[in-house]
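Each chain, written out:
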Amino acid sequence: MQPANRTVTSCSPRGISRVEVLVAVVVVAVLAAVAIPAVLKVRSMARSSTCRENLRGLMAAMHSYHDVHGTLPPAAIWSTANSASVALRESKRVDRITHQNWVQLLLPHMGREDLAGRFDPSLPIGAEANRAGRMTAFSAMTCPEDTFNRPDNMYAFRLSEYEEPRQFARGNYAINGGTQHSSGARPNTKSSMGEVTRVVTTGDPPGFQMWGNGIAGINRSFSFDDFTNGQSTLVALEELRAGVHPLDPRGVWALGQIGGSITWAHGVQGDASQPNIPFYRSDDVLGCGDVHQAVGSVELERLGMPCCHYVDQNGQAAARSMHTGGVHVAFVDGSIRFISDRIDPGLWHVMHSRETPPGVLSKDFEEVHAVENFPDAGPASPDGAAADGPDEFENSLGMRFVRLPAGTFVMGMPDLGNSVDPPPECPAHEVRISRPFYLATTEVTRGQYEEVMSPGEGKDVQEAEQSLPVVDVTWNDAQEFCRRLSDLEEEKRAGRSYRLPTEAEWEYACRSGSSEPYEWHSQRRPDDNSGEAAGITPPLPLTPVGTYPANPFGLHDMRGNAWEWCSDWFDRDYYSRSCTTDPQGPVHGYLKVVRGGDWRFVGETCRHDYVMMPPWKSNPMVGFRVVCVCSTGPAAVARSQ
């Protein structure tokens, strides 16, 4: 019998189709697209964590140092021994004047006695004996996020192409030298400079000290007892990027120089008022012109490492990192926070100051430091009648006031002849002063101030100085003067009270209501008898109020003599969002507006808000004038005549 027919099916393997291959490739690509960013993010988080841990370790060493010495270390130790002058700030021989810095002083407190032993502190950092130490890569000073902190990118210091460069390993952390003005010059009528750098030199024996509002200075140390700010809100250390080229002196762990291991002058008094500031002139460092030639100006900005090409000394350096959107900061208490690049500049300024009063920053600090803009206070509510009052009058102290008319003007109009547009966050804008007001024709004098603040006491001001403008008074002092003047019986009977002018009122008065640009000259002309001084070289001395001619509104010294407090809180970009009618400034802030010229920047179109100051600080060139409010109407003013 024949077997039944069967169908036999082949089991040989079938080829993979093109469609299946394409599907597999797409699946792999999708998985990679999802996974790679996740992996990169994890790696970035790990690098960021390392940065924070390094800062935490450095702060532990700072506290150990304080326990032993009773102070924190100085930012750096500079010596006059190898310099022909005690003006070390101007010296370009940083290899000769610089000895130790704060990092080297911390090494024994970090368990790195071996590395400390590679330095001879009696010799300059550029000495051959210190070569091994300064070229040693130091992991505790390295943030792995910074791709320029590597052995093939050491800082190469040399003054000429004929000498062998002195090389330095890179570093990523800096001590807070402060946010004050970078210049060590004395304030004057040309420039009050806000919070100033203090420089002390001696000739016999030769000595040098320099410090600002930070936690450490050059040859100057501070203790926890010196910090009024509170340890949880005062910056101690912060991130600093390594230079992007061997000629770039920024980010050098063993070099006690501004920009090397010290942040300095990166508050509102300079053009580096925030972390990772992108402004093309924001860092002032030695050899920046050479760095521009080697790297290219456009490339420096693209890399986020701008510096001022015509400055050739270490004078200003901002906190910088390669993290996205901000920098890590260590506070004195050891806490570490990530601070946004968009932090309010005023807050950034005062959280670096050891002199910020208690309580200013402690309340809700975690929420406050995330605020980018404080709300606009809006237009003023009516505070008195001047519409039908006399054109001018004197109060019980003999202070003379003139009635300024209501009007509209362009606020923030740049001076005539500026070749650069104003910063975009500070545009010229129309402002309406909706009602007349009375403004003092002169600044408050020393005699008037003493009469109100120290009545019945012996005169501390010499007769010859009675009519000079009062200066070196805080905004708080000016407010108290207004309160006490308002409380005088003669003033209460006349229905008068007093306040500081708003910034808009002040500029309106300075311009005499004009919207035309002011013809400003940086150099004083031989025939100039106007008394104008703001931004003009050479500066003038303080003079008795009313010495020089009044402006068309009948006001003296609006562009000269003392600089003047206004009532407003300062906010860097307030001009771009302020109300049009009677603006009062932001509802909150940390610095107060100081004015001395017809527009905020006084001549040069730049980013220096150098006269703005905290309300608790004074300056030997800053005074004030007052607005008189006639709360019971013009009849009260008439009765006082």
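Values in this document were obtained by computation on a predicted structure and should not be read as measured data.

About the thresholds
- Residues numbered from 1 in each chain as written.
- Predicted model: local features only at pLDDT ≥ 70, side-chain atom pairs only at ≥ 80, totals over all residues.
- Heavy atoms only, no water.
- Disulfide = S-S within 2.5 Å.
- Helix = DSSP H or I, 4+ residues; strand = E, 2+ residues; numbered from the N terminus.
- Buried < 20%, exposed > 50% of the residue type's maximum accessible area, 1.4 Å probe, protein only.
- Core = buried A, V, L, I, M, F, W, Y, C linked by side-chain atoms within 4.5 Å.
- Contact = heavy atoms within 4.5 Å.
- pLDDT = per-residue confidence, 0-100.
- Pairing = 2+ DSSP bridges.
- Arc of directions from axis to C-beta.
- Axes fitted to C-alpha atoms, helices over the stretch in contact; angles between N-to-C directions.
- Parallel < 35°, antiparallel > 145°, perpendicular 65-115°, else oblique.
- Left-handed = near helix turned anticlockwise from the far one by under 90°.
- Nonpolar A, V, L, I, M, F, W, Y, C, P; charged D, E, K, R; others polar.
- Salt bridge = Lys/Arg side-chain N within 4 Å of Asp/Glu carboxyl O.

1. A few points about the state of the cysteines
Right, so step 1: Inspection of every chain in the model, using the stated rule, returns two disulfides.
Right, so step 2: Bridging Cys 51 to Cys 143, the disulfide has an S-S length of 1.7 Å. Disulfide Cys 51 to Cys 143: torsion about the S-S bond roughly 75 degrees, handedness right-handed. With Cys 51 in helix H1 (residues 18-69) and Cys 143 in the loop between helix H5 (131-134) and strand S3 (155-157), the pair connects residues that are 92 residues apart, well separated along the chain. You'll find Cys 51 and Cys 143 in the same group, each marked buried.

2. Concerning the nonpolar core
Right, so step 1: Counting 83 residues, the largest nonpolar core has Leu 347, Met 351, Phe 401, Phe 481, Trp 563, Phe 624 and Val 626 as the members making the most contacts within it.
Right, so step 2: Each residue touching Met 351, except ones within four places of it in the same chain, is listed here: Asn 229, Thr 233, Leu 234, Val 235, Phe 331, Ile 339, Ile 343, Leu 361 and Phe 365.
Right, so step 3: Listed in part, the 57 residues of the second largest apolar core include Ala 61, Trp 102, Ile 175 and Ile 262.

3. Things to note about the confidence of the model for the protein
Right, so step 1: For the protein, per-residue confidence averages 91 on the pLDDT scale, and 92% of positions sit at 70 or higher.
Right, so step 2: Below a pLDDT of 50 lies the segment residues 1-12, which in the model reaches zero contacts outside its immediate sequence neighbourhood of four places, other chains included.
Right, so step 3: Confidence drops under a pLDDT of 50 for residues 634-641, and excluding neighbours within four residues, the segment shows 17 contacts in the predicted structure.

4. Considering the sheet that holds strand S20 (residues 622-623)
Right, so step 1: Ordered by their spatial adjacency, three strands build an open sheet running S19-S18-S20, and the pairing between neighbours is mixed. Unpaired on one side and paired on the other, strand S19 (592-595) and S20 mark the two borders of the sheet.
Right, so step 2: With two bridges connecting them, strand S18 (residues 563-569) and S20 associate as parallel partners. What sits directly across from Glu 564, in S20, is Gly 623.

5. A look at helix H6 (residues 288-295)
Right, so step 1: Listed in full, the buried residues belonging to H6 are Cys 288, Val 291 and His 292. For H6, the angular spread of the buried residues around the axis is 105 degrees, confining them to a single face.
Right, so step 2: The inward-facing, buried residues of H6 abut helix H7 (297-302).
Right, so step 3: Just downstream of H6 lies Gly 296, where phi reads positive at about 105 degrees.

6. Considering helix H13 (residues 503-510)
Right, so step 1: Counting buried residues along H13, eight of its eight residues qualify, which places the element largely inside the surrounding structure.
Right, so step 2: Of the residues making up H13, those classed as buried are Glu 503, Ala 504, Glu 505, Trp 506, Glu 507, Tyr 508, Ala 509 and Cys 510.
Right, so step 3: One or two steps after H13, the chain reaches Ser 512, where phi turns positive at roughly 55 degrees.

7. Some words on the packing of helix H10 (residues 446-453) against helix H11 (residues 475-487)
Right, so step 1: Two elements in contact, H10 and H11, have axes separated by 9 Å at closest approach and are oriented at 65 degrees. The angle between H10 and H11 places the two elements in the roughly perpendicular class. Note on packing geometry: the crossing formed by H10 with H11 is left-handed. The residues of H11 that touch H10, namely those facing Gln 448, Tyr 449, Val 452 and Met 453, are Asp 477, Glu 480, Phe 481, Arg 484 and Leu 485.
Right, so step 2: Residue composition of the contact of H10 with H11, grouped by class: five nonpolar, one polar and three charged.

8. Regarding the pattern of salt bridges
Right, so step 1: Per the stated rule, a full pass over the model turns up 38 salt bridges.
Right, so step 2: Residue Arg 559 pairs with Asp 598 through a salt bridge whose shortest N-O separation is 3.6 Å. One end of the pair, Arg 559, is in the loop between H13 and S18; the other, Asp 598, is in the loop between S19 and S20, with 39 residues separating them in the sequence.
Right, so step 3: What emerges from the salt-bridge pattern is a single network uniting Glu 503, Glu 507, Arg 511, Glu 532, Arg 559, Arg 595 and Asp 598.

9. Some thoughts on the sheet that holds strand S8 (residues 235-239)
Right, so step 1: On the basis of which strands lie adjacent, the open sheet formed by five strands has the order S9-S5-S8-S10-S11 and mixed pairing. Only two strands of the sheet have a single neighbouring strand rather than two, namely strand S9 (262-263) and strand S11 (336-340).
Right, so step 2: With five bridges joining them, strand S10 (residues 326-331) and S11 adopt antiparallel strand pairing. Each residue of the ladder has a partner; that of Val 329, found in S11, is Arg 337.

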